[in-house]
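Results of the structural survey
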There are 2 protein chains.
Amino acid sequence: MELKRLSLNQITTERLSLRGAVAACQRHQIRNIGIWRHKLEETEAVRDAGISVSSLCRGGMFPASTAAGRQANIDDNLRAIDQAVAIGAPTLVLVCGPAPDRDIKAARGMVADGIAAIRDHARASGVMLGIEPLHPMFAADRSVITTLAEANALAAQLDVGIVIDTFHVWWDPDLYPQIARASGRIAGFHVSDWLVPLPDVLLGRGMMGDGVIELRRIREAVESAGYAGPVEVEIFNRAIWDSDPDTVLTTMRERFEALV
Amino acid sequence: MELKRLSLNQITTERLSLRGAVAACQRHQIRNIGIWRHKLEETEAVRDAGISVSSLCRGGMFPASTAAGRQANIDDNLRAIDQAVAIGAPTLVLVCGPAPDRDIKAARGMVADGIAAIRDHARASGVMLGIEPLHPMFAADRSVITTLAEANALAAQLDVGIVIDTFHVWWDPDLYPQIARASGRIAGFHVSDWLVPLPDVLLGRGMMGDGVIELRRIREAVESAGYAGPVEVEIFNRAIWDSDPDTVLTTMRERFEALV
């Protein structure tokens, strides 16, 4: 797809500082960047470079075994909303969190309660909350919200947005109906690829074109559902992290234009 | 649950021959065994020991890029049905296979066509076909059928059975309604646990009690849906494979009685 919609999610160049990632975007004519909270330093570098922020990653992680723990998580999300405002991010991506015990149903309730508790502050701040369903292989340690169907239901109930990431949802037999159902609520779209065999649960995502995901078909469905915003390339992959960032960004641009 | 329903799926003691696994079952008063086709040797050992066969693993793997390839896969499944008859297995477990390319929808059609092509032979042979939905992390290399909802729809369409494995389905927000919907079609039930963090995509399954799955709750739901057959413990785990089989079976018995 057209380059102007490409956004570099900062995790793809994990070894670079925010300033370094912004400079890399400038060298490669990339106009948008998705920023991670653990790399929120030197934010003036983004402003000075005239680069748009597509999202802030990540809020969420709501469940906890005690009420005090759940309140601490809510407080952290309120801070994340303020950080999104400060850096000019229109969307806060929510990775909803795992269950603190074996009761996944109760944890899903804690997620709903947590989002409900931060929603008004997000709205007043002009920040869109985006529930990102994660691949079910992360259900035990990162997110009890694992399907677009569940994210759509929760987003409709709470009147917030969702974020669609090809790596997390490509396998879903209900993928295209659920993308259509998300119409009007899509707050972000992330791309990467699924490698075969999968090199690693966390750090095994692939560059677009190196795996089996029908990227263009999914992108077209997301566009048909009304999403016209930046498209983040978000790749957790140790081999890519260990590569020269300029080589990675050159490949990323080419693949984005040819395959997404 | 009660020991008499425990079945040792042979993969849990991967290092043992079939004869060795049968002898281990006898030492531990385990009355049922689930057998893998790649270990189909000395099958008289099973008969002589008076041990029941709960299932044969596995048929399936239907998709291929050519018609000849798909026919070869169908032929292999017809042989598997005959092998199930020969060993006295009431159920042939179907691991449906991955897509030969990026078109997962077309591959799902090949799976439906493949099952339709072997169904009559299975029925005439008295062998129940059991579609086993695999965890979505196996969608690219083992099975395009990844949810109970999809397995239930396919099984209803083709009038065959399904196999439920806790490791593959525990994360599903639609788990309990789909187990209820499977009533009358459940041809097998497998248990193991989901470890946190997951040690390995293929060889990271855990012994019951070592992970986060609500085993008893799922077992009760499967029973409420009318399944009263053997319950296979199927654990792909290198550390367990490298342990003394008698130690593994002792633990397996205890955990089965206490937690399943």
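Parameters and conventions
- Residues numbered from 1 in each chain as written.
- Chains lettered and ligands numbered in written order.
- Predicted model: local features only at pLDDT ≥ 70, side-chain atom pairs only at ≥ 80, totals over all residues.
- Heavy atoms only, no water.
- Least-squares fit on C-alpha atoms with pLDDT ≥ 70 in both.
- Contact = heavy atoms within 4.5 Å.
- pLDDT = per-residue confidence, 0-100.
- Phe/Tyr/Trp six-rings, centres within 6.5 Å; stacked < 30°, edge-to-face > 60°.
- Helix = DSSP H or I, 4+ residues; strand = E, 2+ residues; numbered from the N terminus.
- Buried < 20%, exposed > 50% of the residue type's maximum accessible area, 1.4 Å probe, protein only.
- Axes fitted to C-alpha atoms, helices over the stretch in contact; angles between N-to-C directions.
- Parallel < 35°, antiparallel > 145°, perpendicular 65-115°, else oblique.
- Left-handed = near helix turned anticlockwise from the far one by under 90°.
- Pairing = 2+ DSSP bridges.
- Right-handed = clockwise from strand over helix to strand, strands pointing away.

**Structural notes on the relation of the copies chain A and chain B**
Expressed as a screw operation, the relation of chain A to chain B combines 0.0 Å of axial shift with a rotation of 180°, fitting to an RMSD of 0.0 Å. Accordingly, the operation relating the two chain copies is best matched by a two-fold axis. Most of the interface of chain A is mirrored in chain B: 100% of its interface residues are interface residues there too.

**What to know about the confidence of the model for chain A**
Residues shown with low pLDDT carry predicted positions that ought not to be read at fine detail. Overall, the prediction assigns chain A a mean pLDDT of 96, with 100% of residues at 70 or greater. Both confidence scores are given for the complex: pTM 0.96, ipTM 0.95.

**Remarks on the packing of aromatic side chains**
For any pair of aromatic rings, the description rests on two quantities: the centre-to-centre distance and the angle between the ring planes. The full count for this structure, using the stated rule, is 9 aromatic pairs over all chains. When the centroid spacing of 5.8 Å and the interplanar angle of 90° are considered together, the rings of Trp171 of chain A and Trp171 of chain B count as edge-to-face. Taken together, the residues Trp171 of chain A in the loop between helix 6 (166-169) and helix 7 (175-181) and Trp171 of chain B in the loop between helix 6 (166-169) and helix 7 (175-181) connect one chain to another. With a centroid separation of 6.4 Å and 45° between ring planes, the pair formed by Phe236 of chain A and Trp241 of chain A is classed as tilted. According to the relative accessible area criterion, Trp241 of chain A is buried, its value standing at 12%.

**Remarks on the packing of helix 3 (residues 67-87) of chain B against helix 4 (residues 104-125) of chain B**
All names here are of chain B. Interaxial distance between helix 3 and helix 4 falls to 10 Å at its minimum, and their mutual angle equals 30°. Taken together, the axes of helix 3 and helix 4 lie roughly parallel to each other. Two packed elements cross with a definite hand, and for helix 3 against helix 4 that hand is right-handed. On helix 4, the residues touching Arg70, Ile74, Asn77, Leu78, Ile81, Asp82 and Val85 of helix 3 are Met110, Gly114, Ala117, Ile118, His121, Ala122 and Ser125.

**Overview of the side chain of Arg205 of chain B**
Residues and elements named next belong to chain B. Positionally, Arg205 belongs in strand 9 (residues 205-206). A residue is classified by how much of its surface remains accessible, and Arg205, at 4% relative accessible area, is buried. Sequence-distant contacts of Arg205, defined by excluding residues within four places in its chain, comprise Phe138, Asp165, Phe167, His168, Ser192, Asp193, Leu195, Glu234, Ile235, Phe236 and Asn237.

**Considerations on the pairing of strand 6 (residues 161-165) of chain A**
Residue and element names in this part refer to chain A. Judged by how many residues are buried, strand 6 sits mostly within the fold: 5 of 5 residues are covered. Of the two faces of strand 6, the one holding Gly161, Val163 and Asp165 and the one holding Ile162 and Ile164 are both buried throughout. Of the strand pairs in this sheet, strand 5 (residues 128-131) and strand 6 are connected by 2 bridges, and their pairing is parallel. The residue of strand 6 that forms the bridge with Gly130 is Gly161. Handedness of the strand 5-helix 5 (residues 148-158)-strand 6 crossover: right-handed. As paired strands, strand 6 and strand 7 (residues 186-191) are joined by 4 bridges and run parallel to one another. Paired with Ile164 across the bridge in strand 7 is Phe189.

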